[in-house]
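Here's the letter readout for the chains.
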Amino acid sequence: MTGTVYKSTGSWYTVKTALGATYQCRIKGKFRLKDIKSTNPIAVGDVVDFELETKNDEVTGVIESIHDRENYIVRKSVNLSKQTHIIAANIDQLFLLITIDNPPTFTSFIDRFLVTAQAYDVKTILLFNKIDAYFGDTLDEVKYLAHVYRKIGYECIGISAKTGKNIDKVKALMKDKVSMFAGHSGVGKSTLVNAIEPSLDLKTKEISNQHMQGQHTTTFAEMFDLSFGAKIIDTPGIKGFGVVDMDKEEVGDYFPEFFALKQDCKFNNCIHIDEPKCAVKEALDNDEIAYSRYKSYVQIIEGDDEHYRTDNWDTE
């Protein structure tokens, strides 16, 4: 039998067939993917082949194999430095939720996510949530960030999961697609999913006043079928995002505005740090490239891992 993984809790996987039947499945023996050192060999969104078995009148499945992935989102595992954690697979688009404060989303986090999505060929749309709560300088910051990312080519939408602003726009983009929702804890993922599909009634929690951070409400990634012909993968809140498996020479290729200038650099293997006649650094000096983007780039190149080591993704 063949089905799609809708939920993973570490040892058991909820698998749904094309006919809509759902089975609890486990992995057969030492199941490993080729060339991927992952803490989770199977992720939500994977298409798998499985066989049914009956024990004590209970029917469960045994996953025999996994189909080739079209794409996936991966990051460094928190506890095991050389291992990776695949968040989800076979995604049509990723919605990255951003809040300016309560909790703050830093550009280094946004850029790391975008670099990984670009590298694994996942289209990303930026959703600036809680737009109803921003005024003055905070609203200006939203507008500035949206300008920075629109200029690069990313679609940016200001939304309010609370008031419903632009939720219809998000729903229209989701129709007939598999969409992954991601962001820090507390940015309003579950509230947004509930606004899009109230019948799901996902749990939400208030922001912790003590730390001004969101509390984890989703502990495992999970896919849901929605009433208007869309699928959504809701993911646990992420505090940091470690980029994996990238050579220094290729990181710049996943910054679209850097890649566009690459041909104008004096050296074809320029990594835009110390080389003379670098088109990227010239563009930076002329304010044609956002300093925040270049700073994120340098952090990735230099392997600055402190931005995700404080992470505590619940499933690891």
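Above: the structure in question.
J.: Quick question: what am I supposed to make of the pairing of strand β2 (residues 13-17) here?
T.: The side chains of a regular strand alternate between both faces of the sheet. Within β2, four of the five residues are buried, leaving the element largely enclosed by the surrounding structure. Examined bridge by bridge, strand β1 (residues 2-8) and β2 share five bridges and lie antiparallel to one another. Each residue of the ladder has a partner; that of Gly-3, found in β2, is Thr-17. Between β1 and β2, which pair antiparallel and follow one another directly, the connecting turn spans four residues, one of which, Gly-10, has a positive phi of 100 degrees. Sheet topology places β2 next to strand β3 (residues 22-27); four bridges connect them, and they run antiparallel. Across the sheet, the residue bridging to Tyr-13 is Cys-25, located in β3.

J.: When you look at helix α4 (residues 189-196) in this model, what are you seeing that I'm missing?
T.: Note that an α-helix has 3.6 residues per turn; residues three or four places apart therefore point the same way. The buried fraction of α4 is high, at six of eight residues. Of all the positions in α4, only Lys-189, Ser-190, Leu-192, Val-193, Asn-194 and Ile-196 are classed as buried.

J.: Help me understand the nonpolar core, please; the structure alone is not making it clear to me.
T.: One recurring pattern in soluble globular proteins is that nonpolar side chains are buried together. Of all hydrophobic cores here, the largest spans 35 residues; its most connected members are Ile-73, Leu-126, Tyr-149 and Met-180. Counting residues per element, the ones that place at least two in this core are β7 (84-89), β8 (93-98), α1 (107-119), β9 (123-128), α2 (136-152) and β11 (178-182). Broken down by element, this core gets its largest block of residues, six residues, from α2. Apart from the residues within four sequence positions on either side, Tyr-149 is in contact with Thr-107, Ile-110, Asp-111, Leu-114, Leu-126, Tyr-154, Cys-156 and Arg-293.

J.: Please clarify how the side chain of Thr-124 should be interpreted in this entry.
T.: Looking at the secondary structure, you find Thr-124 in strand β9. Here the side chain of Thr-124 touches Val-122 through a polar contact of 3.3 Å, landing on its backbone oxygen.

J.: What is the right way to read a negative patch on the surface from this model?
T.: On the surface, Asp-264, Glu-282, Asp-285, Asp-287 and Glu-288 cluster together to form a negatively charged patch. Structurally, the position occupied by Asp-264 is in the loop between α6 (256-259) and α7 (279-285).

J.: I'm lost on the environment of Val-193 in this one. Help?
T.: With respect to the helices, strands and loops of the structure, Val-193 is situated in helix α4. With 31 residues separating them along the chain, Val-193 and Phe-224 place their C-alpha atoms 9.9 Å apart.

J.: Sorry, what's going on with the pairing of strand β12 (residues 222-225) here?
T.: When β12 meets strand β13 (residues 231-234), the two strands line up antiparallel, connected through four bridges. Within β13, the position partnered with Glu-222 by the bridge is Asp-234. The hairpin turn running from β12 into β13, its antiparallel successor, is five residues long, and Gly-229 in that turn takes a positive phi close to 80 degrees.

J.: Just to check I follow, could you spell out the packing of aromatic side chains for this structure?
T.: Any two aromatic rings considered together are summarised by their centre-to-centre distance and by the angle between their planes. Within this structure, the stated rule accounts for nine aromatic pairs. Both rings, one in Phe-255 and one in Phe-258, keep their centres 4.9 Å apart while their planes meet at 20 degrees; by these two values the pair is stacked. Here Phe-258 falls in the buried class, since its relative accessible area comes to 0%. Connected via pairs of aromatic rings, a cluster forms that spans Phe-255, Phe-258, Tyr-294 and Tyr-297. Its guanidinium or amino end placed over the ring of Tyr-72, Arg-69 lies 5.4 Å from that ring's centre, counting from NZ or CZ. For the cation-ring pair, Lys-171 lies above Phe-228, with the distance from its terminal atom to the ring centre recorded as 4.9 Å.

Reading the values: rules and limits
- Residues numbered from 1 in each chain as written.
- Predicted model: local features only at pLDDT ≥ 70, side-chain atom pairs only at ≥ 80, totals over all residues.
- Heavy atoms only, no water.
- Buried < 20%, exposed > 50% of the residue type's maximum accessible area, 1.4 Å probe, protein only.
- Helix = DSSP H or I, 4+ residues; strand = E, 2+ residues; numbered from the N terminus.
- Pairing = 2+ DSSP bridges.
- Core = buried A, V, L, I, M, F, W, Y, C linked by side-chain atoms within 4.5 Å.
- Contact = heavy atoms within 4.5 Å.
- Polar contact = N/O pair within 3.5 Å; in protein donor to acceptor, adjacent residues only side chain to side chain.
- Patch = residues over 30% accessible without salt bridge, like charges linked within 9 Å, V, L, I, M, F, W, Y side chains within 5 Å.
- Areas by Shrake-Rupley, 256 points an atom, 1.4 Å probe, with all protein chains shown as cover.
- Salt bridge = Lys/Arg side-chain N within 4 Å of Asp/Glu carboxyl O.
- Lys, Arg positive; Asp, Glu negative; His and termini not counted.
- Charge placed at Lys NZ, Arg CZ, Asp CG, Glu CD.
- Phe/Tyr/Trp six-rings, centres within 6.5 Å; stacked < 30°, edge-to-face > 60°.
- Lys NZ or Arg CZ within 6 Å of the ring centre and 35° of its normal.

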